[in-house]
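Residue-level structure breakdown
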Amino acid sequence: MAEATSNPWPALDYAQDRATFETLHLMSQIVGKARTACAPWVNHGWQVALYVSPRGLTTSPVPNAGGLFDLEFDFVEHQLRCRASNGFLGEIPLAGQSIAHVYRAVEEMLSRTGGPVRIDGVPNEIPDPVPFLQDAAIRVYDHDAAWRLWQALIRIERVFQEFRTGYLGKVSPVHLFWGAFDLAVTRFSGRTAPRHPGGIPNLPDAVTREAYSHEVASAGFWPGGGLVEFPAFYAYAYPEPKGFRETVVRPAQAAFHEGLGEFILPYEAVRSAPDPEAALAEFLLSTYVAAADAGAWPRAELECAFGAPGVPRRC
C-alpha cells in the first residue's frame, strides 16, 4: 500500500487484468463506431478516435440530426453515459453486461438523441471477430482494473500532450484508436508516403492507406495483447527508413521488436523509473529523432521548444 500512495503511476498486470481490458476494448469499438457513423471524415481517420477525459474516455461532441451527442466511459461511477443537445441523458452500468447488450443499449440511447444511428456490427482489427450481437456472454469488468488503466492513461496523456507541443509541423491530437485500443500521438514530415500495402486484419485497405498517406513518426501505448502480452509503449516510422531499427534509443529498456516492426518499452519500466514522466519523454523524443534522422526530415523547420502554459511561442 505504501508503494501505491507514493507512486501515482498505477500497476498494470496484463495476466490479471486482461479480461477487463478485452471487455473495454470491445465496448470502445461500439462507442467508436457510433462516432464513426456520424462524424465527417477527417484526414487519417482522426474523426473516429476517443479521448482521455476527467472521468474516463469520451467521443467528444458528435453531430447528429441537427444537434450534438457524446458518449463517455465514466470510470469514477463505472457507467457508459450518453448526453445529447436535445436534453436526453442516458446511462448503463459497465459491469455485468454482455457485448450484445451494450450494443443494443447504445443504439437505443442514440435513437433518443434526435435520430437513429446504425452502428457497424463487427469488431475491427481483431482476429476472428465475433459480431457484437452474437457476443452474448456476460463479460468480466473489474472496477479496480478499469480505474487503474484510466489512471495510467491520464499520466500518459499528460506526457504525450507536452511532447506534442514541441513541433511546428503537422501533429495529431493525442487520441485513442479503438481498433487496436491504443493511445497515440503522431508527427508528420510533410511529405507523401508510398502506397501502404494494407492487410491489417478486419480493417479496409482504403482506411489504412488514407491513414498512412504521408510520412509519420508515431508513438503510443496499449495495455497488451498479441505478440506483446504486457502493457507497453511503442514507436514506429512509416515508411520505415533505412537504419531506423538499428538506432539505439532511450531509455535502456527500450528495444526494437522484429515481429511488430516497432520499438517497444514496457510500461513497468516507465512506472518503476525514478522519474516516470522523464523516462517516457525520453522514449518519445529519442524514437522520433531516430525516425527523423534516418528519414532525412527537415528537422530545423519542423521542431520548436516545448510549450509552457500562458507563454506564446517565440517567432
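These notes cover the structure that comes with them. (Residues numbered from 1 in each chain as written. Predicted model: local features only at pLDDT ≥ 70, side-chain atom pairs only at ≥ 80, totals over all residues. Heavy atoms only, no water.)

Points about the overall build of the chain
Across its full length, the chain carries 8 helices and 12 strands. Expected size for 315 residues packed as a compact globule is a radius of gyration near 20 Å; at 20 Å, the chain falls within 12% of this value. Referenced to the eigenvectors of the C-alpha coordinate spread, the extents of the chain come out at roughly 50 × 50 × 45 Å. The buried share of the chain, taken over its 315 residues, is 53%. Long-range pairs, those at least 24 residues apart, make up 62% of the contacts in the chain with a sequence separation of at least 6. Carbon and sulfur atoms provide 56% of the accessible area of the chain, an area that totals close to 14300 Å². (Helix = DSSP H or I, 4+ residues; strand = E, 2+ residues; numbered from the N terminus. Rg over C-alpha atoms; globule rule 2.2 N^0.38 Å. Buried < 20%, exposed > 50% of the residue type's maximum accessible area, 1.4 Å probe, protein only. Contact = heavy atoms within 4.5 Å. Areas by Shrake-Rupley, 256 points an atom, 1.4 Å probe, with all protein chains shown as cover.)

Notes on the layout of surface pockets
A volume near 220 Å³ is recorded for the second largest pocket. Contributing to the lining of the second largest pocket are Arg155, Arg158, Val159, Glu162, Phe163, Glu277, Ala281, Glu282, Leu284, Leu285 and Phe306. Elements with a minimum of two residues in the lining of the second largest pocket: α4 (143–164) and α7 (276–294). For the lining of the second largest pocket, a count of residues per class yields 6 nonpolar, no polar and 5 charged. (1 Å grid on protein atoms, 1.4 Å probe; cavity = no way out; pocket = protein on both sides within 12 Å on 5 of 7 lines; lining within 4 Å. Points joined across faces, edges and corners; volume = space filled by probe spheres on them. Nonpolar A, V, L, I, M, F, W, Y, C, P; charged D, E, K, R; others polar.)

Some words on the sheet that holds strand β8 (residues 182–192)
Spatially, the 6 strands line up as an open sheet ordered β7-β8-β9-β10-β12-β11, and their pairing is antiparallel. Because the sheet does not close on itself, it has two edges, and the strands there are β7 (175–177) and β11 (255–257). Adjacent strand axes in the sheet meet at a mean angle of 35 degrees, parallel and antiparallel pairs treated alike. As judged from the 7 bridges shared by β8 and strand β9 (residues 214–222), these two strands associate in the antiparallel manner. Residue Phe188 lies in a different strand from β9, and its bridge partner there is Val216. Against the sheet, α4 touches β7, β8, β9 and β10 (232–238), its axis set at about 20 degrees to β8. (Pairing = 2+ DSSP bridges. Axes fitted to C-alpha atoms, helices over the stretch in contact; angles between N-to-C directions.)

Here's the deal with the packing of helix α2 (residues 14–38) against helix α3 (residues 99–111)
The contact between α2 and α3 brings their axes to 10 Å, and the two run at 25 degrees. If you check the angle between α2 and α3, you find them roughly parallel. Along this stretch, α2 crosses α3, giving a crossing that reads as right-handed. Mapping the contact onto sequence places Thr23, Leu26, Met27, Ile30 and Ala34 in α2 and Ile99, Val102, Tyr103, Val106 and Leu110 in α3. Grouping the amino acids of the contact of α2 with α3 by side-chain chemistry returns 9 nonpolar, 1 polar and no charged. (Parallel < 35°, antiparallel > 145°, perpendicular 65-115°, else oblique. Left-handed = near helix turned anticlockwise from the far one by under 90°.)

Considerations on the environment of Ser98
With respect to the secondary-structure elements, Ser98 resides in the loop between β6 (89–93) and α3. Look at Ser98 and you get buried, because its relative accessible area is 7%. Filtering out sequence-adjacent residues up to four positions away, Ser98 remains in contact with Asp135, Ala136, Ala137, Ile138 and Arg139. At a separation of 3.0 Å, a polar atom in the side chain of Ser98 contacts the main-chain amide nitrogen of His101. (Polar contact = N/O pair within 3.5 Å; in protein donor to acceptor, adjacent residues only side chain to side chain.)

Remarks on empty space enclosed by the protein
Following the criterion strictly, the structure yields 2 cavities of 30 Å³ or more and no others. The calculated volume of the largest cavity comes to roughly 70 Å³. Going through the elements one at a time, β8, β9, β10 and α7 are the ones with two or more residues in the lining of the largest cavity. For the lining of the largest cavity, a count of residues per class yields 9 nonpolar, 3 polar and 1 charged. Reported here for the second largest cavity is a volume of approximately 30 Å³. Every residue lining the second largest cavity is listed: Leu149, Leu153, Leu176, Phe181, Phe221 and Pro223.

Keep in mind that these numbers describe shape and distance, not what the molecule does.
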